[in-house]
Amino acid sequence: MRNWPPVLLVLLCIPLPAQQYIGAGGCASSNCHGGTVVAEERINRIQGNEFALWSVPDKHSKASKVLSDARSRRMAEILRIASPTTDKQCTSCHMAGSPERIASDGVACEGCHGPAEKWLGPHTVKNSHAASVAAGMIDTKDLQVRARTCLGCHLGDKDRVVTHEMIAAGHPDLVFELDTFSAAQPMHHREPKPDEGNALPRVRIWAVGQAVALAEGMKHLARRASSQWPEFAELECYQCHHDLRAESWRIARGYAGRKPGALQVNLARWDVARVLITQAGGDQRAAVESAFNDLAAIVAAKPFDGAAIAQAASRVAQQSDALAARFAKQNFNDAAARGMVKALLADVGRIAGSGAHSAEQATMALDALMHAVAAKDAGALNAVTQLYNYLEHPSTYQPAEFADRFRRAAAAVN
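Because the structure is a prediction, the values reported are computed rather than measured.

Caption draft 1: Highlighting helix α12 (residues 268-280). Spanning 13 residues, α12 covers 19 Å between terminal C-alpha atoms, matching the ideal 18 Å at 1.5 Å per step. At R274, α12 shows its maximal bend, which comes to roughly 25°. Buried-residue contacts for α12 involve α10 (201-227), α13 (285-301), α14 (306-327), α15 (334-353) and α16 (356-373). Among the residues trailing α12, G282 stands out with phi positive, at a value near 55°.

Structure follows, in structure tokens:
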């Protein structure tokens, strides 16, 4: 081992100071992101009105305001939180990217693009993207990085967690799908253009988002299972939260492959990803399916063995990360997208039978695929909207009814 001077050893042990947030106002210049109209693409590679979109129609800018409403105050009382506007359980997501002095900005630009202290000025220079990323900018051009960044709040990570206790107190369950959420934001970047190796960019975004969401979900499960288990937020909510009347669809369905009442991992992120993997996963399909089946079997047979569950979830995450890298380079054309819709149709009975969470993911997948191949069919898109409306009331959810509505909505693609 090299003989380092004592002073140098001390310096090496001193953590570097965290980069500072500048605040959304640093992006508001009219000749940068603060324009009021979209700039012509031949003049500007960015839209130029990103700040205006964020500050008015985008819900991110209002994320901190909900911490002061009646529901949040009641949640805080139940959870014995002094103030949701200052507690890190709340502010780590609802005020991401906002300096403390202007926390009212909610989820500001730097919450997604990284603290801008080192790159705010240099990133305006032509061809400076790589240098900006090296200086701390989050590379949202990379679809895998983009999806992981979104999921940091919309799913959670090691520092940001929504627990079963928080959900019981009133926090909404976390749901996410990259393409659908991006389109609804509204989108403040130019949509990628189709090219020879990327015929339908939105389908690639959807596919990468599915794989990354599965991977990050499994990492989240592994962290929780290895530290404090069971954490019921990782399990299927409606396996417990449902009535036991004779006409219950769960009783009619039965419990093939597992004991009635056995714990079940939330299948929502898997049920649609499974269809995608079957259609486009190639030689990686068998490995990820085997890893997930092992996880499901362990949860059912050894529901309180957190260490075994964590190991099995980590294996699924590893396989899913490999799939995300594959999909980020894969060409998805019209035939592939339509084939995906047909595969969802063929499997919708099974997906619907997994419950409302899986049905919600299937609806968002259909939404993304329909916009890619049938964007001009207003009737078809309205049918998808009706699916969303139906799922607003999970207590009245019926698998057969959802499957029938799904088939009618997807009919335009066939």
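Resuming the write-up.
Caption draft 2: Quick look at the nonpolar core. Within the largest apolar cluster, 83 residues are counted, with the highest numbers of intra-cluster contacts made by W206, L295 and F402. Ranked by residues supplied to this core, first place goes to α10 with 13 residues. Ignoring anything within four residues of it in the chain, the contact list for F402 reads V348, A352, A359, T363, L387, Y390, L391 and Y397. The next biggest cluster of nonpolar side chains, apart from the first, holds 11 residues, and it includes M75, A76, V162 and A169.

Caption draft 3: Geometry of the side chain of Q361. Summarising the element assignment, Q361 is placed in helix α16. When neighbours within four sequence positions are excluded, Q361 is seen to be in contact with V175, F176, E177, Q210, A268 and V272.

Caption draft 4: Here's a closer look at the pattern of salt bridges. All told, the structure shown has 18 salt bridges when counted by the stated rule. Here E41 ties to K193 by a salt bridge, and the two come within 3.1 Å at their closest N and O atoms. Placement of E41 in the loop between α1 (6-13) and α2 (50-55) and of K193 in the loop between α9 (178-183) and α10 is noted, with a sequence separation of 152 residues between them. Salt-bridge contacts for D157 lead to R160; the nearest nitrogen and oxygen are separated by 2.8 Å. By sharing partners, the salt bridges in this structure join R148, E216, K219 and D321 into a single network.

Caption draft 5: Spatial organisation of the packing of aromatic side chains. Inspection of the entire model under this criterion finds eight aromatic pairs. For the pair Y390 and Y397, a centre-to-centre distance of 6.3 Å together with 50° between the ring planes defines the contact as tilted. A residue is classified by how much of its surface remains accessible, and Y390, at 11% relative accessible area, is buried. Given the relative accessible area of 4%, Y397 is considered buried. Here the aromatic rings of F402 and F406 are separated by 5.8 Å at their centres, their planes lie at 45°, and the arrangement is tilted. You can see F402 and its partner F406 sitting in helix α18 (residues 399-410), four residues apart, about one turn around the helix. No difference in accessibility class separates F402 from F406, as the two residues are buried. Through pairs of rings, three or more aromatic residues link up here, namely W249, Y390, Y397, F402 and F406. Sitting above the plane of the Y255 ring, R253 keeps its charged end 5.5 Å from the centroid.

Caption draft 6: The arrangement of unusual backbone geometry in detail. Of note, the bond from Q185 into P186 is cis; its omega dihedral lies within 30 degrees of zero at 5°. Position of P186 among the secondary structure elements: in the loop between α9 and α10. Even without glycine at this site, R80 takes up a positive phi of about 60°. Note that R80 resides in the loop between α3 (70-79) and α4 (88-94). Exposure remark for R80: the relative accessible area of 77% places this residue in the exposed category. The phi dihedral of N127 falls on the positive side, at around 60°, and the residue is not glycine. For N127, a relative accessible area of 75% puts it in the exposed group.

Caption draft 7: Seen up close, the confidence of the model for the protein chain. This prediction gives the protein chain a mean pLDDT of 89; 95% of its residues lie at or above 70. Looking across the protein chain, the model is least confident in α1, with a mean pLDDT of 50, and most confident in helix α7 (residues 143-154), with 97.

Caption draft 8: Representation of α16 within the structure. The end-to-end C-alpha distance of α16 is 26 Å, a good match for the 26 Å that 18 residues give at a rise of 1.5 Å each. Among the 18 residues of α16, 16 are classified as buried, and the element is accordingly described as predominantly covered.

The rules behind the values
- Residues numbered from 1 in each chain as written.
- Predicted model: local features only at pLDDT ≥ 70, side-chain atom pairs only at ≥ 80, totals over all residues.
- Heavy atoms only, no water.
- Helix = DSSP H or I, 4+ residues; strand = E, 2+ residues; numbered from the N terminus.
- Expected span 1.5 Å × (residues − 1).
- Bend = angle between axes of the 7 residues up to and from the residue.
- Contact = heavy atoms within 4.5 Å.
- Core = buried A, V, L, I, M, F, W, Y, C linked by side-chain atoms within 4.5 Å.
- Buried < 20%, exposed > 50% of the residue type's maximum accessible area, 1.4 Å probe, protein only.
- Salt bridge = Lys/Arg side-chain N within 4 Å of Asp/Glu carboxyl O.
- Phe/Tyr/Trp six-rings, centres within 6.5 Å; stacked < 30°, edge-to-face > 60°.
- Lys NZ or Arg CZ within 6 Å of the ring centre and 35° of its normal.
- pLDDT = per-residue confidence, 0-100.

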